[in-house]
Structure formats: C-alpha cells, structure tokens
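# Coordinate analysis (summary)
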Amino acid sequence: MLKRGIKLFKIFGIEVGLNWSWFLIFILVIISLSTEYFPTLYPQFNTITNIILGVITAIFFFTSILIHELSHSVVANMTGVSIKRIDLFIFGGVAQMSSPPKTAVQEFLMAIAGPFASFILSFFFGIFWLGFKVTDFSILPIIAFFGYLSLINMILGLFNLLPGFPLDGGRILRSILWYFTDDILSSTRIASILGQILGYGMVTFGSISIFLSVFIYQLRNFSGLWPIVLGWFLQNLAKGSYQQEVIRSSLATVLVKDVMRKQFQTIDPDTTLDNLIRNWFMVYDYRIFPVLENEKIIGTISTEDVKIIPKDRRLTTKVMEALKPIKESQIINSESNVIDTLYKMNEIQSNYLLVVAQDKLVGIVHRNDISRYVKLKRDFKI
Ligand SMILES: [Zn+2]
C-alpha cells in the first residue's frame, strides 16, 4: 500500500489524496514547460510569461489526470466496485479499490472510462485551440495553453491504451481475454507479460534515443529519460500485479474460518485495568482484546485505551469504562472469503477483524495469519 500523503477534497463520495512524490513531478512538469516546451514553440514569450503559463498549464494538466482517474472510479462505483479514495502520485493516480473487479464486462467498462475521459478533454481543449487559432486571436499564450492541454490529454489517452497490464489498455485486453476464456489468472498472465515487454521496450527506446542524441548528434537532449523511467515503472508494476493475482487466486477458496484464531482471550467488563495490565497485556502477546458480556461482544480494549487513563486510577477503573464500543465494520462473518477480509481491513485501516457467527464471537482474524497461511500453502504446494 502507498504511504498516505495529504487529503485534498471529496468528490462523488471519493476522497482525493496527494502522495508526497506528486510535488516532485509537479515541479518537474512546471520546469520542463517553462524552460523547454513553451520557449521552443514560442520564442517570442518572455520568462515571466513562460513561468506563469507553465504553472497554470501544469495545474490543468494534473486536473486532467484527476478527471481521468475519477472517471474510472465513478464507473467502478456505478457498476458495484466501491472506490473510496484516489491517491495522486508520481505517475498519475491509484484508486484504492475496496473490492476487486467482479466481472469481465465490469472491468472493461471501468478501464475504458479513463482514456475516454482523456479523449473528451483533448477534444474540448482542441476546439478552443482551433477556434482561437482560426480567428487569429491575439493573446498567443492562451492558444499555447489550449494547444498543450489538447495534445497532452490525447497522449495521456493513447499512452494508457497501450495493451500492457496494469495500464488501462492492458486491463481492457485482460477483460476481453477473461470474457472469452473465463480464466482470469491466465488472462492476467498474458496481459502482464505484455506489460513487461512494453516496459522493457520503452526502456530500450529511451536508452537508444539518449545514446543517439548525445553521442551521435552531439545534442544535449535527455528527453529519452521519460520513457526509461515510465518503462521501468511499468514493467515493475506488471510483474507485481501478476504476483498479486496469483495470491488472489490462491486465496479465492480460502474462508475466514480456515485462517482465524479459534483460541483467544476475552475480557470481562468488570475486570479492573490494573488486573488487565498484569494478567493479560503483560502475559499475552496481544495489544488488544475483545470484551464480552454474557457471551456477547460489546467492545475492544487496547493498550492505547488503557494508557490514557491516569496510573492512580487503574486500580479502580473497570474495563467497562475504558473500552471502545464494537463497530459493525470491525466484524466479519466466518464464512466470508479472506480476500474480502483483507479489503475490509484496508478500508478500516486495521490489522485484525473479529469473527462472529450467530451473534457469538468465534475467532479473530489477523492480517499476519492470512500471509502465514498463503506462505504455508505455497511451501507445501497445496
Ligand atoms: Zn486510467
């Protein structure tokens, strides 16, 4: 999972966040626009014009990326895959899905929505660019602005349509293969191999173009660095997403009741905090315990909850007064799939869930237990 950055705003029920790496790329884009792109195309602009134009254009460029990502998410939410958060990071955005794509058709629609939005934007900016151009509009920076945004959205749409997973084009390809073969794993394998080939291809292309421009044509042009970085990133993602799919498919038949801990300690609400510290926290390797009253779970008590109670009150304060009431989102059914469990843990940012069957606490499932299970399953080849 990505490290969180800052939260920007919420739109269509989707939280938009900025990853820290994004600031770096934002500044790089401004620099390349104001010192290279605009000065080359419009030598008559002065430095101030170039900088202002660079900043405004960069803001619209990143808004375009956000619109592209939002289109994926809105279609996902409309077709039943809930996306609650998008993080904009170094190469665009990552949507935090709370469940994986459900059907091939659903994935197809979700994947195609982003490039479609980029083409619409390109068309929209292109109309303005053309309109100003043919009417011989005298404020040239505005024409430059519309021209660049139309072009970059076109490139964004086309680049994302390249058929390598996990680019949108790769997802479209996977969904088509998945639709016809009904085999998501081998479809992912083919699409991600293409993603790796594409990634290495871009690295090779970038290296050759740098070599040619620097050594053969004696130019100081390093624009070949872009495909190298993007290509390297793509092949890495492609490899990772296939491994993820392997884990996902090996977990497809595993239920919560297979991996949960059936033996666990529970706390009576009348226990004093002092007793709880001495006989539970100091004895067992847990930082949190479920609290049960008449066999019904009423809450949890953690080291954090106890720490905030002053030391001299721990002898008299009972667990009842310090516990956190149980929330529906902390509970999972023992018959649930572990993949859903992991998504649910991600959603509430917790490393464990309480397993309840017929209103009774029957187990606790920890994130580590699931990874241990996957590892053992792989080791024993079962
Ligand atoms: Zn996309």
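Description of the structure in this document. (Residues numbered from 1 in each chain as written. Predicted model: local features only at pLDDT ≥ 70, side-chain atom pairs only at ≥ 80, totals over all residues. Heavy atoms only, no water.)

## As for the overall build of the chain
Keep this limit in mind: For the purposes of this entry, the term helix denotes a DSSP run of H or I that reaches at least four residues, the term strand denotes a run of E that reaches at least two, and both are numbered from the N terminus. Taken over C-alpha atoms, the radius of gyration is set against a globule rule of 2.2 Å times the number of residues to the power 0.38. Whether a residue is buried, partly exposed or exposed follows from its accessible area with a 1.4 Å probe, protein chains only, as a fraction of its type maximum: under 20%, in between, or over 50%, in that order. The contact criterion used throughout is that any non-hydrogen atoms of two residues lie within 4.5 Å. Residue burial considers only the protein chains on display, and all accessible areas are found by Shrake-Rupley using a 1.4 Å probe.
Summing up its helical and strand segments, the chain has 13 helices and ten strands in all. Taken over C-alpha atoms, the radius of gyration comes to 27 Å for the chain, far larger than the 21 Å a tight globule of 382 residues would show. For the chain, the C-alpha atoms occupy an extent of roughly 80 × 50 × 40 Å along the three principal directions. Counting over 382 residues, the chain shows a buried share of 43%. Counting only contacts in the chain whose residues sit at least 6 apart along the sequence, the fraction spanning at least 24 positions is 63%. If you sum the accessible surface of the chain, you get close to 21300 Å²; carbon and sulfur atoms cover 65% of it.

## Brief notes about the coordination of the zinc ion
Quick reminder of the rule: Any nitrogen, oxygen or sulfur atom within 2.8 Å of a metal ion counts as a donor, with the limit raised to 3.2 Å for Na, K and Ca, and since water is left out, coordination shells can look unfinished. Irregular is the label for any site that misses the other tests, which are tetrahedral for four donors with all angles between 85 and 135 degrees, and square planar for four donors or octahedral for six when opposite donors exceed 155 degrees and the remaining angles lie between 65 and 115.
The coordination sphere of the zinc ion contains the protein donors H68 (NE2), H72 (NE2), D168 (OD) and D168 (OD), at a distance range of 2.0 to 2.6 Å. If you look at the zinc ion, its four donor atoms make angles of 54 to 149 degrees with each other, and the shape they trace is irregular. Each donor residue of the zinc ion lies on one chain, and together they are spaced H-x3-H-x95-D. Of the two residues, H68 and H72 are both situated in helix α2 (residues 47–78); the distance of four residues between them amounts to about one turn of the helix. Take H72: its relative accessible area is 8%, and that puts it in the buried class.

## Some words on helix α7 (residues 225–251)
Rules: In this scheme, a helix's expected span is set at 1.5 Å multiplied by one less than its residue total.
In this model α7 runs 39 Å from its N-terminal to its C-terminal C-alpha over 27 residues, within 8% of the 39 Å that 1.5 Å per residue would give. If you check which residues of α7 are buried, you get P227, G231, L234, Q235, A238, S241, E245 and L251. Along its buried surface, α7 packs onto α5 (168–181), α6 (184–216), α12 (338–348) and α13 (367–379).

## A closer look at the layout of surface pockets
Quick note on the threshold: In the cavity and pocket records, a cavity denotes points on a 1 Å grid over the protein atoms alone where a 1.4 Å probe fits but cannot get out, a pocket denotes an open set with protein on both sides within 12 Å along at least 5 of 7 lines, and lining residues are residues with an atom within 4 Å of a point. Grid points are joined across faces, edges and corners, and a volume is the space filled by probe spheres set on the points.
By volume, the second largest pocket is sized at about 440 Å³. As for the second largest pocket, its lining consists of 19 residues, and the residues nearest its centre are I288, S350, N351, Y352 and H366. Put simply, the parts of the chain that give the lining of the second largest pocket at least two residues each are α10 (303–307) and α13.

## Concerning a nonpolar patch on the surface
To be explicit about the condition: Each patch is built from salt-bridge-free residues with over 30% relative accessible area, joining like charges within 9 Å and nonpolar side chains (Val, Leu, Ile, Met, Phe, Trp, Tyr) within 5 Å. Each reported salt bridge corresponds to a side-chain nitrogen of Lys or Arg within 4 Å of a carboxyl oxygen of Asp or Glu.
A cluster of nonpolar side chains, I48, I51, I52, V55, I56, I59 and F60, forms an exposed patch at the surface whose accessible area comes to about 590 Å². If you trace the backbone, I51 turns up in helix α2. Taking the relative accessible area as the measure of exposure, I51 reaches 43% and is therefore partly exposed.

## Quick look at the nonpolar core
Test applied: We call a set of buried residues a nonpolar core when its members are Ala, Val, Leu, Ile, Met, Phe, Trp, Tyr or Cys and they connect through side-chain atoms within 4.5 Å of each other.
Residues F38, F61, F62, L88, Y148 and L149 are the most contacted members of the largest nonpolar core, which totals 30 residues. Going through the elements one at a time, β2 (14–18), α1 (21–41), α2, β3 (83–89), α3 (104–134) and α4 (140–160) are the ones with two or more residues in this core.

## Here we look at the sheet that holds strand β8 (residues 331–333)
Here is the rule: Paired strands, as defined in this entry, are two strands with at least two bridges between them according to DSSP. Here, axes are lines fitted to C-alpha atoms. For helices the fit covers the stretch in contact, and angles between N-to-C directions go from 0 to 180 degrees.
Pairing is mixed across the open sheet formed by three strands, whose spatial order is β8-β9-β10. Of all strands in the sheet, those bounded by a partner on one side alone are β8 and β10 (360–366). Recorded for the sheet is a direction-independent mean angle of 40 degrees between the axes of neighbouring strands. Direction of pairing for β8 relative to strand β9 (residues 352–357): parallel, over a ladder of three bridges. What sits directly across from I331, in β9, is L354. Running at roughly 125 degrees to β9, α12 makes contact with β8, β9 and β10 of the sheet.

Keep in mind that these numbers describe shape and distance, not what the molecule does.
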